[in-house]
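Residue strings, one per chain:
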Amino acid sequence: MAEHLLVTGASGYIGSRLVRRALAAGHAITVLGRAPDVRGLRSFPWRLGEPVPDAASAGFGGIGPVTAVIHLAHDFDTRSDAQGHSGGLNIEGSVAIARACREAGCRRFVFASSQSAAEDALNVYGRTKYAVEMALAGPGTVSARIGLVYGGEARGQYGLLRRLSLLAPVLPMLDPWRHVQPIHVDEVVDGLLRLASSDHEGWVGLAGPSPVPFGDVLRSLARQLGGRRLRLLPVSSRLALMACNLMASLPILPSVSCEKILGLAGTRPMDTAGHLESLGLSVLPIVDGLRRESAHRRALVAEGRVLGRYILGAPPPAVLLRRYVRSLTVAAEQDALALPWLAGLAPSALRFVDPLTVSPGLGRRVAVMCHLIETSPAGQAMLQRSRGARGLAMLLGSLVLELFAAPFRLLASRW
Amino acid sequence: MTSVDVAIVGAGPAGVSAAWPLARAGFRIALLDAGPERPRVDGPMSLEELNRDPDQWRHRLGGDLRGLGSARQVSPKLATPLAMAVTNGASQALGIISEGVALVVGRGAGGLSAIWGGGAVTMEAGDMTGWPISLSDLRPHYEAVAARIGISGHADEALAGFAGASLPLDFPLPPCPPVAHLLANAAQARKGGFAIGRALNAVITRDRPGRAACTRCGLCLWGCPRKSIYDAGDEIPALVEFPNLAWRPATLVEALRPADGGWELVVAGGERLRARRVVLAGGTLSSTRLVLAAYGATGQRVRLQTNPVAAAAFVVPRLLLRKGDPNSFALGQAGWRLDIGEGDYATGVFYGADALPLSAMAERMFFSRPFALRTASFLTGSLVVSNSYLDGRYSDTWIRLEDDGRLQVGGSLPEAASARLLEINGRVAAALRPMGGWYLPGSFAVAAPCADVHYASTMPMGGCATFATDAFGSSASLPGLYVVDGSILPSLPPKHLTLTVMANAHRIASALAEEGLST
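Residues numbered from 1 in each chain as written. Chains lettered and ligands numbered in written order. Predicted model: local features only at pLDDT ≥ 70, side-chain atom pairs only at ≥ 80, totals over all residues. Heavy atoms only, no water.

Caption draft 1: Main features of the overall build of chain A. Within chain A, the secondary structure is distributed over 15 helices and 13 strands. Projected onto the principal axes, the alpha-carbon positions of chain A cover approximately 80 × 55 × 40 Å. In chain A, once contacts between residues fewer than 6 apart in sequence are set aside, the share between residues at least 24 apart is 75%. (Helix = DSSP H or I, 4+ residues; strand = E, 2+ residues; numbered from the N terminus. Contact = heavy atoms within 4.5 Å.)

Caption draft 2: Summary view of the pattern of salt bridges. With the rule as written, the count across this model stands at 31 salt bridges over all chains. A salt bridge links A:D288 to A:R291; its shortest N-O distance comes to 3.3 Å. A residue pair is termed a helical-turn pair when its members lie 3 or 4 positions apart in one helix, as A:D288 and A:R291 do in helix α10 (residues 286-312) at 3 residues. Residue A:D288 is classed as partly exposed on the basis of its relative accessible area, which comes to 32%. Salt bridges here are not isolated pairs; linked through shared partners, they connect B:E124, B:D127, B:R337, B:D339 and B:K495. (Salt bridge = Lys/Arg side-chain N within 4 Å of Asp/Glu carboxyl O. Buried < 20%, exposed > 50% of the residue type's maximum accessible area, 1.4 Å probe, protein only.)

Caption draft 3: Representation of a nonpolar patch on the surface within the structure. On the surface, A:W341, A:L342 and A:L345 cluster together into a nonpolar patch covering about 400 Å² of accessible area. Counting through the fold element by element, A:L345 comes out in helix α12 (residues 341-345). (Patch = residues over 30% accessible without salt bridge, like charges linked within 9 Å, V, L, I, M, F, W, Y side chains within 5 Å. Areas by Shrake-Rupley, 256 points an atom, 1.4 Å probe, with all protein chains shown as cover.)

Caption draft 4: Geometry of the packing of α10(A) against helix α13 (residues 362-374) of chain A. Residues and elements named next belong to chain A. Their axes nearest at 10 Å, the elements α10 and α13 cross at an angle of 70 degrees. On the basis of their axis angle, the class for α10 and α13 is roughly perpendicular. Considering only the axes of α10 and α13, their crossing is right-handed. Of α13, the residues touching α10 (which contributes L300, E303, G304, L307, G308, I311 and L312) are L362, R365, V366, M369, C370 and I373. Tallied by class, the residues present in the contact of α10 with α13 amount to 9 nonpolar, 2 polar and 2 charged. (Axes fitted to C-alpha atoms, helices over the stretch in contact; angles between N-to-C directions. Parallel < 35°, antiparallel > 145°, perpendicular 65-115°, else oblique. Left-handed = near helix turned anticlockwise from the far one by under 90°. Nonpolar A, V, L, I, M, F, W, Y, C, P; charged D, E, K, R; others polar.)

Caption draft 5: The arrangement of the packing of aromatic side chains in detail. Enumeration according to the criterion identifies 10 aromatic pairs over all chains in this entry. Taken together, a centroid distance of 6.1 Å and an interplanar angle of 20 degrees make the contact between A:Y13 and A:Y158 stacked. With A:Y13 in helix α1 (residues 13-24) and A:Y158 in helix α4 (residues 156-165), this residue pair connects regions lying 145 residues apart in the sequence. In terms of burial, A:Y13 and A:Y158 fall into one category: buried. Among the aromatic residues, those joined into a ring-pair cluster are A:F352, A:F404 and A:F408. Here the basic side chain of B:R337 rests over the ring of B:Y345, its NZ or CZ set 3.9 Å away from the ring centre. (Phe/Tyr/Trp six-rings, centres within 6.5 Å; stacked < 30°, edge-to-face > 60°. Lys NZ or Arg CZ within 6 Å of the ring centre and 35° of its normal.)

Caption draft 6: Up close: the sheet that holds strand β2 (residues 28-33) of chain A. Residue and element names in this part refer to chain A. The 7 strands are arranged β3-β2-β1-β4-β5-β6-β11 in an open sheet whose pairing can be described as parallel. With partners counted over all chains shown, the strands left at the sheet margins are β3 (42-45) and β11 (202-206), one partner each. For this sheet, the mean inter-axis angle between neighbouring strands, taken without regard to orientation, is 20 degrees. The pairing of β2 with β3 spans 4 bridges and is classified as parallel. The residue of β3 that forms the bridge with V31 is S43. Against the sheet, helix α2 (residues 89-103) contacts β1 (4-8), β4 (68-71) and β5 (108-114), and its axis sits at roughly 170 degrees relative to β4. (Pairing = 2+ DSSP bridges.)

Caption draft 7: Highlighting the environment of A:A2. Looking at the element boundaries, A:A2 is found in the segment before β1. The contact partners of A:A2, leaving out residues within four places of it in the chain, are A:G26 and A:H27.

Caption draft 8: Broad picture of the nonpolar core. Counting residues in hydrophobic clusters, the biggest one holds 111 residues, and the most contacted among them are B:L22, B:L256, B:L265 and B:L285. Examining the composition of this core, we find that 9 residues originate from one element, helix α13 (residues 498-515) of chain B, more than from any other. With 53 residues, the next largest nonpolar core counts A:L41, A:V149, A:L192 and A:L232 among its residues. (Core = buried A, V, L, I, M, F, W, Y, C linked by side-chain atoms within 4.5 Å.)

Caption draft 9: The interface of chain B and chain A, seen in detail. At the junction of the two partners, chain B supplies 39 residues and chain A supplies 50 residues. Of the roughly 4,200 Å² buried between chain B and chain A, counting both surfaces, carbon and sulfur atoms make up 61%. Inspection of the chain B/chain A interface yields 0 salt bridges. Where chain B meets chain A, there are 12 residue pairs in polar contact (both at pLDDT 80 or more). Every element with two or more residues in the side of chain B that touches chain A is listed here: α2 (47-52), α3 (56-61), α10 (358-363) and α11 (369-379) of chain B. Grouping the constituent residues of the side of chain B that touches chain A by class yields 14 nonpolar, 12 polar and 13 charged. (Buried area = accessible area lost by both parts, 1.4 Å probe. Polar contact = N/O pair within 3.5 Å; in protein donor to acceptor, adjacent residues only side chain to side chain.)

Caption draft 10: Fine view of unusual backbone geometry. Residue and element names in this part refer to chain B. Positive phi values are uncommon outside glycine, yet K227 reaches one of about 60 degrees. For K227, the position within the fold is in the loop between β4 (194-198) and α8 (236-240). On the basis of relative accessible area, K227 is assigned to the partly exposed category, the value being 26%. Of note, the phi angle at V453 is positive, near 60 degrees, even though the residue is not glycine. Within the element layout of this structure, V453 appears in the loop between β17 (445-446) and β18 (481-483).

Caption draft 11: Structural view of the pairing of β4(A). Residue and element names in this part refer to chain A. The alternating pattern of β4 places A68 and I70 and V69 and H71 on opposite faces, both of which are buried. Note that β1 and β4 share 4 bridges and pair parallel. Opposite T8, over in β4, you have H71 as the bridge partner. Pairing geometry for β4 and β5, over 4 bridges, is parallel. Paired with A68 across the bridge in β5 is R108.

Caption draft 12: Representation of the side chain of B:T347 in the model. Residue and element names in this part refer to chain B. Its location among the elements puts T347 in strand β12 (residues 344-352). Judged by its relative accessible area of 4%, T347 is buried. Of the polar contacts made by the side chain of T347, one reaches the backbone oxygen of P494; its length is 2.3 Å.

So this is what it looks like as structure tokens:
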């Protein structure tokens, strides 16, 4: 059923993925955020703590009012107040949205919380998330306690973990035996979207069902993403905290805030198997999740190679293939097309099925590759060669084939 | 609460042109604009350099590849990262919604002049019948604005009067060879009511303080690296030099209320600003929205005029083997005018194709993509792209203020307009044939309503429409409020309106400066 979702934090690591998947699934999206939305989505300027614009929860252009809120925005100012969690902004701001939306008739509120959410969590983040959960608790509201998220674009905490795992062959690491519950960002997005139309209440765990040592996570990232073997040197928490303060003051090394160390140190296991089953969500072990990403990537690279050869007339340079994969990943279109095996052998055969308009599927992929080729030196060189007398000769030469292919293309587009 | 003499809402071409006379007169002014400060475009200095750069995709598609994002059919001019930075999110932020029309809304200092095509054209006496002012009222202001912003071109005999023969002009940029070929054979086309001449563009060909002359680097669509193309936002630093002018970017005016013999401006975020006079220059859509809200006029349709527009491509076979030239510019290279009877006429602009993105052209061709791309590239050297415009009377567009305060824009393209545009295309094709230009079959396309981005005439000067204004953009029910942008043009001839809007804004502001604020 198509929903009208109000999303906060839509430009973040999880949020941007969520918005793309939701749009692809046919939902309508309204965004509340600081910057005007560059994707052209319906958006309203807003910051956590400000009143919610009335028009935001209303319907628009034939679509009804907001049916569910997915609240991902968080103020990361970690100065803790008297209660030991970050300033009222997160609590008051979240409660304000919930109230505004309830008044507008919206029945469902999904709050993105964390596995570290606990009254006595070691980190400010965990205590804050818990406080917000308690303040929001009520009918129609569910808090998703999200585990260790990986996958997709290298942003946020996942980006940091990637960089760390590829930093050096030997890495000192705090608590590599601490158990965490990794979950792929697409699985988190899937879970949040299901929660938006389910009737779960209280809290639900969106994390891998089987805890794995944190060190294994880093080792898996190193192996899958960098083909390397990573060795970890266990470090005492006191030394780790000193080291992270040092790293923060040296600009060349990625800085890890102490908050994150405390977050890791305080991670408690969460029994999520029941929750995942009730949502109909299956979460792969991280090794398989990363393998699937690699498999997607390899499939897109192969597809890019075929389309590149088709349009450029020569194997495309590697940098162009990487850009192709990146363009599609960023657009959350990571499913490769099922091109006929003949296309791999003779890419120019694609001209018999080249769509007549830029339709989703092959038409869109061809259009993307075309733009990328045009904006590359190899493409520019090809385009230069297509001019003048020589260009005319080449065009006339392929004109016959082009005219021959026309009826096939017409047929292919009908079917 | 801050209180000023004059608050100018909108720092686009109209607002900036109004600011100068008022600032010189010494009033305390607040120049407000809804957009954040726009960072300048940083990058290669020529198309040639760009074509060689392995990182050119960053510049052409945006670092985040947003240039690939628009799967819908959008003019290539609007799909560059610069255009998307100016337009994306703008309608949402300004409370403007649309259905069924190809609306373009920009936001930020300079308004849409950040991405405009630079066409500089004046009205003729015949265009202004029914206006409460005459061409001689406007002429000194056309000249003042032209001298200030810099216009280059040739005062062509064929288009005298149409193209403002009395404007101070820099020497013209040489047109690309296909257009030059057509111009050289212009004599052949004088019959049949078709006239063609060099275009006037708001592009400087002599250096000025802060701006460098155009070197035909070809990067027009991606952001002029030399500030040769006029952008109202570039005048802000000079205006800020006036001690009596306060520049307020990122200040969105949500409502206007009469207060104490003047006005109170309600700014998003809660601030209130007091001004004795308000000059409204937010662009037709934003200004009309504020005025309708001040009247409380929700739910009523108000006529909006736009120029129905179509595009077509022509090839100059004589130059078929020409390889194209990275030394080019993407702005209008020639203008044409066609009489269509009873004082009615259509106009158009010819562009070269050297600096146009090819993928967009290839997408519109019937051929398979590799063939289409190579064909588009092959034709670059001999292609002329043409836009044709009809008078605003032919349009059927409207706006309406909704209950929630947002402005709805709607409309459709009347059958009569598309039929006319098609007929005009046929006559232009016939006129160009003896001049050596051949119409490219299948290239004619009528654009969706509002794609012309000439939005005007919602609150016409001297009209008897519901929200008409007087010759100074003011009305008795809203004293002290002067609308100076496209909203007040009484009619919309098939010409680019920006220079006229700027001259008119200058005229009204000068009159206001002279009259003073004593009431």
